[in-house]
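Each chain, written out:
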Amino acid sequence: MIYRWVEKFRKYETVQNLNSKCDDRLTHSGRRKKRTAKVIEMVRNSIEFSPKRSIRRRSQSLSLDRKISASTIRRILIDDLKSPLSFKWKNQLQNKRVLGNPETNGSCNETTTLRKCTVWAAISAKGITGPFFFEENDRAVTVTKDRYVQVLELFWEQLRVLYPSLLNYFWFQQDGASSHTSKFSRDWLKEHFGASVISLKTNFEWAPYSPDLNPPDFYLWGYLKDRVYSIKPRTISELKENIREEIRKIPNTVCKNVINNLVVRLKKCTELKGGDLEHLLQFIQY
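Rules and cut-offs
- Residues numbered from 1 in each chain as written.
- Predicted model: local features only at pLDDT ≥ 70, side-chain atom pairs only at ≥ 80, totals over all residues.
- Heavy atoms only, no water.
- Core = buried A, V, L, I, M, F, W, Y, C linked by side-chain atoms within 4.5 Å.
- Buried < 20%, exposed > 50% of the residue type's maximum accessible area, 1.4 Å probe, protein only.
- Helix = DSSP H or I, 4+ residues; strand = E, 2+ residues; numbered from the N terminus.
- Contact = heavy atoms within 4.5 Å.
- Phe/Tyr/Trp six-rings, centres within 6.5 Å; stacked < 30°, edge-to-face > 60°.
- Lys NZ or Arg CZ within 6 Å of the ring centre and 35° of its normal.
- Salt bridge = Lys/Arg side-chain N within 4 Å of Asp/Glu carboxyl O.
- Patch = residues over 30% accessible without salt bridge, like charges linked within 9 Å, V, L, I, M, F, W, Y side chains within 5 Å.
- Areas by Shrake-Rupley, 256 points an atom, 1.4 Å probe, with all protein chains shown as cover.
- Polar contact = N/O pair within 3.5 Å; in protein donor to acceptor, adjacent residues only side chain to side chain.

Naming follows an unreviewed UniProt entry, where the protein appears as Transposase of Oopsacas minuta.

As a further point, take the nonpolar core. Core analysis: the biggest nonpolar cluster contains 22 residues, and Ile128, Tyr219, Leu220, Leu239, Ile243 and Ile250 have the highest contact counts within it. Residue assignment for this core shows that the elements contributing at least two residues are β2 (113-124), β3 (127-136), α9 (215-230), α10 (236-249) and α11 (252-271). The element that contributes the greatest number of residues to this core is α9, accounting for seven residues. Setting aside anything within four residues of it in sequence, one finds leucine 220 in contact with Ile128, Pro215 and Ile250.

All told, the structure shown has eight aromatic pairs when counted by the stated rule. Seen in terms of ring centroids, tryptophan 156 and tryptophan 188 are 6.3 Å apart; in terms of plane orientation they differ by 90°. Their pairing is edge-to-face. On the criterion of sequence distance, the pair formed by tryptophan 156 in helix α6 (residues 145-162) and tryptophan 188 in helix α8 (residues 183-193) is long-range, its members being 32 residues apart. Pair check on accessibility: tryptophan 156 and tryptophan 188 agree, each one buried. Judged by centre distance (6.5 Å) and plane angle (55°), the ring pair of tryptophan 188 and phenylalanine 193 falls under tilted. Here the aromatic cluster, defined as three or more aromatic residues joined through ring pairs, consists of Trp120, Phe132, Phe155, Trp156, Phe172, Trp188 and Phe193. Geometry around phenylalanine 133 places lysine 240 over its ring, the cationic atom sitting 5.1 Å from the centre.

The next thing to look at is the pattern of salt bridges. One pass over the full model with this rule turns up 13 salt bridges. Note that lysine 240 and glutamate 135 form a salt bridge whose closest N and O atoms lie 2.9 Å from each other. Of the two residues, lysine 240 sits in helix α10 while glutamate 135 sits in strand β3, which places them 105 residues apart along the sequence. Relative accessible area serves as the criterion here: at 11%, lysine 240 is assigned to the buried category. One salt bridge connects arginine 248 with glutamate 241, and the closest N-O pair in it is separated by 3.1 Å. For glutamate 241, a relative accessible area of 37% translates into the label partly exposed. Overlapping salt bridges, with partners in common, bring together Glu241, Arg244, Glu245 and Arg248 in one network.

The subject of this paragraph is a nonpolar patch on the surface. Among the surface-exposed residues, Met1, Ile2, Trp5, Val6, Phe9 and Val15 lie close enough to one another that they form a single nonpolar patch of about 650 Å² accessible area. In this fold, methionine 1 is placed in the segment before α1 (2-12). For methionine 1, a relative accessible area of 59% puts it in the exposed group.

In the segment running from glycine 130 into proline 131, the intervening peptide bond is cis, with an omega of 10°. Inspection of the secondary structure puts proline 131 in strand β3. A positive phi is found at glutamate 13, a non-glycine position, where the angle reads about 60°. Among the secondary structure elements, glutamate 13 is positioned in the loop between α1 and α2 (37-49).

Quick look at the side chain of histidine 180 now. Structurally, histidine 180 is set in helix α7 (residues 178-181). Residue classification places histidine 180 among the buried residues on the basis of a relative accessible area of 0%. Polar contacts involving the side chain of histidine 180 include one to the side chain of aspartate 175, which spans 2.6 Å.

The structure is reproduced here in structure tokens:
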């Protein structure tokens, strides 16, 4: 640390924080400025062309010659554009109206009280299994290891009905949420899927923060969010029915293409030794 202070003083004649705003410096630390006029204009044109696209997908579509992060786009929407749409996004972030992975939180106003529903679904080459809602007495509840296993039981029963001859051929992939990786959950998965489980705390190393290697992230939840909220549900019942209806509308051929694209992504990830994928996957179509 002392060595870095000395080098900073020799180069800049100061040991103050170079990242703080200063009117005497056009750039604070020599790093490339992210919110340039060109980038702001790109975001503005993107909003006009596709106003309902999620911030994450907008980040992927705009990241051509360089990466434009989702956080940069949020700051542009709120601080630079200051449009009604940007305030809508800000309110959605504050109300956590974001579909997640693999459970997704949806919310709406019901009798002036913000209520939520938490839904879980699985995607495979055969189609969508679910949705299953985490709730008690018709109200959303926190996802715990016990409730997660209860949903897995429902999921397994549906698999047994739909694909009885294929149960030994399925691989189960999940993220590293604590409810997923608890001993109780892992014991259940080991009993039902054996060694065919891709997760943290298993024999397989997985990239827990890579949405490009997670089919629900790079396809399912973003698509559902755009479709479900396009009808503007006013009650939790309407929100849940919208989720069920939109899942029913997804053709099995689309699910098969998504899983095939996962194979492409895995191969590309191996070729790049874990490098960024988003710039190379724009050609993939669902």
